[in-house]
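Residue-level listing of the chains:
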Amino acid sequence: MNADEIDAQIRMLAAERRLPPSHLARWLAMDAASRAALLDIARVIRLRTGQLMTALDTLEEIAVREHVTVAAILDRPEIRRIAGGPGSAPSRASALLEALRTLRYPLLKRMQEQIRSEISALKLPRGISIVLPKELASDEFTVSLRVRSAAELAHLLEALDRSRPGLARIIEMLAGKK
Amino acid sequence: MKFDLDAVFVEHGCAGSALATRILGALARDVPVTHVADNDTREATRPAPGARDPFGAGKRRLVIARRKTPFLAPCPAGSSEFACCGYLVLTLASNCPMDCSYCFLQEFLADNPSFQVYANFADSFDELDRLAANARGRIFRVGTGDLADSLAFDSITSISRDLIDFFASRENLTLELKTKTDEIENLLAMDPRGRVLVSWTLSPDAVYRSSEHLAAPPAARIAAARAVLDAGYRVAFHFDPLIAYPGAERDYILLIDELLDTVAPKQISFISMGGLRMTPGLRGAARSRFPDDPMLCGEDVLASDGRFRTFTPLRLSLYRALADRFRKGGAEIPSYLCMEPASVHESVFGAPPVRPAIIGKRLARD
């Protein structure tokens, strides 16, 4: 396909998906290879309107952060694996957005994983749950206990007490000390 | 510093004012000057219809008008959510000829982006005297760098001379001139008698080159700080916005080292830090005006105050790295965080913030 044909296809897909004009304009303003690469993946995994908008926003931000083109981002192995991999289109669409988010927020994602693995290592009993702040937007986390008896409460409190060093590590991680 | 102006508008009632005379005398001859009826500056201050970048166009249109509302107000950043530094703002101008991509004015002044200066600025001195008289024994830090850079147009307004003259004779008032310029000629000709503090917002070269359009380079700001210090002024530094881009910690530490090589820690009155924070409206406006600025695409998430901020562990670790570097510099420099809760202050500095009145007094006089 030449550039005009690609643009025509993009306009057609945008019309089908009712993509907002501002998003369509930004898509058409990309370099030719990026326009085509986004069109290709949008079709292959059948991105819905909201997903297409999120993908476009995230791709643009990654491109600005890393000084690369959208085509170069979509050509990365982890993205190509999702686009060409098994699974339903909706599950691949979700996986694509998650992969893009990991590229867009690399340190946040790494920190979330580290804290989650720290929580898993505590091996807290059922009945104790730890809820991290959404997107680590705060340094507070919530510990909740679910009990039906005094014995259960005592058991959970003992478990919490044993986990004190691990919980302290999580507090330090949320405060950026680790 | 030289900034281009496309047009000047003068309210009739201000035409003969000292400020208008100074400005019109200092302007290039080819800048068109239009006189407008009193109370009829709305057309001149509103966004230019049809302009591709109305906010940017507003910065090149100077309006000399009379301010009808009080000049003095508590710092608008103060709220019960955040630890407060007790700063008072004196609004003598509105908007700024520099064009920082992250600037909050892009949202705050979107409906009246013209650069306005108030010809009756000397009326603010009565407000200041009333404030001082009503709170004897208290010391106030008053700054002109909230809605405008304190010195950006000082070469044509010379307002700094009037301000320094006034504050130099007031025992319980300290003036803070906050700037990103090296526009200090007027200051060097005055004796501040220890009552004027000049503060610079400092950013690493990467942020300056990417985001601080028309501002002075960081090295020039530091050199200007040295010069005013030698002329009898006190100096302070704002690391605000602190931007957590890849390599930021290394760059900010190099910047601090460069600063401390030129200005000894004990000569710094205070430092402040504040992470980049943007309302969704500001974020949209900034990104649409500066789509290629990577500093606007940090790892920011929506915080509980409704602003996008760098996610907490990364933001706090950057604050702590800077605070540690200053501590290792050898002197305890009074420090505060702007628009952060007391818990963050405690986590970074190891102690809760003191009450606003006390911190304001300490920052004004230490």
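As shown above, the structure is provided for reference.
Residues numbered from 1 in each chain as written. Chains lettered and ligands numbered in written order. Predicted model: local features only at pLDDT ≥ 70, side-chain atom pairs only at ≥ 80, totals over all residues. Heavy atoms only, no water.

*Asks:* Whenever I open this one, the overall build of chain A confuses me. Can you help?
*Replies:* Counting secondary structure elements, chain A contains ten helices and two strands. Listed N to C, the secondary structure of chain A is α-α-α-α-α-α-α-α-β-β-α-α in terms of helices and strands. Computed over C-alpha atoms, the radius of gyration of chain A comes to 22 Å, more than 25% over the 16 Å expected from 2.2 N^0.38 for 178 residues, which places it beyond the range of a compact globule. Viewed in the frame of its principal axes, chain A has a C-alpha envelope of about 70 × 35 × 30 Å. Counting over 178 residues, chain A shows a buried share of 43%. Taking the contacts inside chain A whose residues are at least 6 apart along the sequence as the reference set, 59% of them involve residues at least 24 apart. Each charge class in chain A was averaged separately, 28 positive and 22 negative side chains, and the resulting centres sit 5 Å apart. (Helix = DSSP H or I, 4+ residues; strand = E, 2+ residues; numbered from the N terminus. Rg over C-alpha atoms; globule rule 2.2 N^0.38 Å. Buried < 20%, exposed > 50% of the residue type's maximum accessible area, 1.4 Å probe, protein only. Contact = heavy atoms within 4.5 Å. Lys, Arg positive; Asp, Glu negative; His and termini not counted. Charge placed at Lys NZ, Arg CZ, Asp CG, Glu CD.)

*Asks:* I keep staring at the sheet that holds strand 15 (residues 277-278) of chain B and nothing clicks. Help me out?
*Replies:* Within a sheet, neighbouring strands are paired by backbone hydrogen bonds and run either parallel or antiparallel to one another. Residue and element names in this part refer to chain B. In spatial order, the strands read 15-17-16; together these three strands make up an open sheet with antiparallel pairing. Each of the sheet's edge strands pairs with one partner strand only, and the pair in question is strand 15 and strand 16 (300-302). Across three bridges, the pairing between strand 16 and strand 17 (residues 308-310) is antiparallel. The residue bridging Val 301 from the neighbouring strand is Arg 309, located in strand 17. (Pairing = 2+ DSSP bridges.)

*Asks:* Where do I start with the interface of chain B and chain A in this structure?
*Replies:* It is common to give the size of an interface as the accessible area lost on bringing the parts into contact. Listed as interface residues are 23 residues of chain B and, on the opposing side, 20 residues of chain A. Buried area between chain B and chain A, summed over both chains or domains, comes out near 1700 Å², and the portion from carbon and sulfur atoms is 57%. The largest per-residue losses of area from chain B upon contact with chain A belong to B:Cys297, B:Glu299 and B:Pro313, which jointly make up 32% of the total buried on that side. The interface formed by chain B and chain A holds three salt bridges in total. (Buried area = accessible area lost by both parts, 1.4 Å probe. Salt bridge = Lys/Arg side-chain N within 4 Å of Asp/Glu carboxyl O.)

*Asks:* Explain the layout of surface pockets here, please?
*Replies:* The method is simple in principle: a probe with the dimensions of a water molecule rolls over the atoms, and the space it marks as empty is what remains. Here the largest pocket is characterised by a volume of approximately 1200 Å³. Lining the largest pocket are 50 residues, with B:Phe104, B:Gly145, B:Asp146, B:Asp240 and B:Arg277 sitting closest to its centre. Looking at the lining of the largest pocket, the elements that each hand over two or more residues are strand 7 (99-100), helix 4 (105-108), strand 10 (173-179), strand 13 (234-242), strand 14 (268-275), strand 15, helix 12 (280-289) and strand 18 (335-337) of chain B. Top element by residues in the lining of the largest pocket is helix 4 of chain B. It accounts for four residues. Here the lining of the largest pocket is composed, by residue class, of 27 nonpolar, ten polar and 13 charged. In this structure, the second largest pocket encloses a volume near 890 Å³. The wall of the second largest pocket is formed by 33 residues, among which A:Arg26, A:Asp57, A:Glu60, A:Glu61 and A:Val64 lie closest to the centre. (1 Å grid on protein atoms, 1.4 Å probe; cavity = no way out; pocket = protein on both sides within 12 Å on 5 of 7 lines; lining within 4 Å. Points joined across faces, edges and corners; volume = space filled by probe spheres on them. Nonpolar A, V, L, I, M, F, W, Y, C, P; charged D, E, K, R; others polar.)

*Asks:* For this particular structure, what's the right way to read the packing of aromatic side chains?
*Replies:* Aromatic ring pairs are reported here in terms of the distance separating the ring centres and the angle at which the planes meet. Residues and elements named next belong to chain B. If you walk through the whole model with that rule in mind, you get eight aromatic pairs over all chains. Geometrically, the ring pair formed by Phe 71 and Tyr 118 is edge-to-face, given 6.4 Å between the ring centres and 75 degrees between the ring planes. Taken together, the residues span a long stretch of sequence, with Phe 71 in the loop between strand 3 (61-65) and strand 4 (72-74) and Tyr 118 in strand 8 (residues 115-118) at a distance of 47 residues. Overall, Phe 71 belongs to the buried group, its relative accessible area being 2%. Put simply, the rings of Phe 121, Phe 125, Phe 166 and Phe 167 pair up and form one aromatic cluster. It is Arg 67 that lies over the ring of Tyr 118; its NZ or CZ is 5.1 Å from the centre. The ring of Phe 308 carries the charged tip of Arg 283 above its face, separated from the ring centre by 3.8 Å. (Phe/Tyr/Trp six-rings, centres within 6.5 Å; stacked < 30°, edge-to-face > 60°. Lys NZ or Arg CZ within 6 Å of the ring centre and 35° of its normal.)

*Asks:* Quick question: what am I supposed to make of the environment of A:Ile82 here?
*Replies:* Residues and elements named next belong to chain A. Its place among the elements puts Ile 82 in helix 6 (residues 77-84). For the pair Ile 82 and Ala 95, spaced 13 residues apart in sequence, the C-alpha to C-alpha distance is 6.8 Å. The contacts of Ile 82, once residues within four sequence positions are left out, are Arg 92, Ala 95, Leu 96 and Ala 99.

*Asks:* How do you make sense of helix 13 (residues 312-328) of chain B when you look at a structure like this?
*Replies:* An α-helical turn contains 3.6 residues, so any two residues separated by three or four positions project in the same direction. Residue and element names in this part refer to chain B. Helix length check: helix 13, at 17 residues, gives a terminal C-alpha distance of 24 Å against a target of 24 Å (1.5 Å per residue), a fit within 8%. Burial in helix 13 covers these residues: Thr 312, Pro 313, Leu 314, Arg 315, Leu 316, Leu 318, Tyr 319, Arg 320, Ala 321, Leu 322, Ala 323 and Phe 326. Downstream of helix 13 by one or two residues, Gly 330 has phi in the positive range, about 110 degrees. (Expected span 1.5 Å × (residues − 1).)

*Asks:* Help me understand the pattern of salt bridges in this model?
*Replies:* Any two side chains of opposite charge can pair, given that their charged atoms come close. If you walk through the whole model with that rule in mind, you get 34 salt bridges over all chains. For A:Asp7, the salt bridge identified is with A:Arg35, shortest N-O distance 2.8 Å. Taken as a pair, A:Asp7 in helix 1 (residues 3-17) and A:Arg35 in helix 3 (residues 32-44) lie far apart in primary sequence, 28 residues in all. Salt-bridge contacts for A:Glu135 lead to A:Arg101; the nearest nitrogen and oxygen are separated by 2.0 Å. Residue A:Glu135 is found in the loop between strand 1 (128-131) and strand 2 (142-145), and its partner A:Arg101 is found in helix 7 (residues 89-104); the two are separated by 34 residues along the sequence. A relative accessible area of 27% places A:Arg101 in the partly exposed class. Residues joined in a network through salt bridges with shared partners are A:Glu61, A:Arg104, B:Arg283, B:Arg287 and B:Asp300.

*Asks:* Looking at this structure, how should I read the side chain of B:Arg221?
*Replies:* All names here are of chain B. Structurally, Arg 221 is set in helix 10 (residues 218-230). A residue is classified by how much of its surface remains accessible, and Arg 221, at 0% relative accessible area, is buried. The residues touching Arg 221, leaving out its near neighbours within four places in the chain, are Lys 180, Thr 181, Trp 200, Thr 201, Leu 202, Ser 203, Tyr 208, Glu 212, Ala 215 and Ala 216.

*Asks:* Would you mind showing me how to read the environment of A:Ala3 here?
*Replies:* Along the polypeptide, A:Ala3 turns up in helix 1. Along the primary structure A:Ala3 and A:Leu38 are separated by 35 residues, whereas in three dimensions their C-alpha atoms are 13 Å apart.

*Asks:* Help me understand the side chain of B:Thr310, please; the structure alone is not making it clear to me.
*Replies:* Residues and elements named next belong to chain B. Mapped onto the fold, Thr 310 is located in strand 17. Classification of Thr 310 as buried rests on a relative accessible area of 9%. Apart from the residues lying within four places of it in its own chain, the contact partners of Thr 310 are Ala 244, Leu 276, Glu 299, Asp 300 and Arg 315.

*Asks:* Would you mind showing me how to read empty space enclosed by the protein here?
*Replies:* All names here are of chain B. If you walk through the whole model with that rule in mind, you get two cavities of 30 Å³ or more. Taken together, 16 residues form the lining of the largest cavity, with Leu 92, Ala 93, Asp 149, Ser 150 and Ile 159 sitting closest to its centre. Secondary-structure elements contributing two or more residues to the lining of the largest cavity are strand 8, helix 6 (154-157) and helix 7 (159-167). Sorting elements by how many residues they give to the lining of the largest cavity places helix 7 first, with three residues.

Interpretation note: all reported values are geometric properties and have no functional meaning in isolation.
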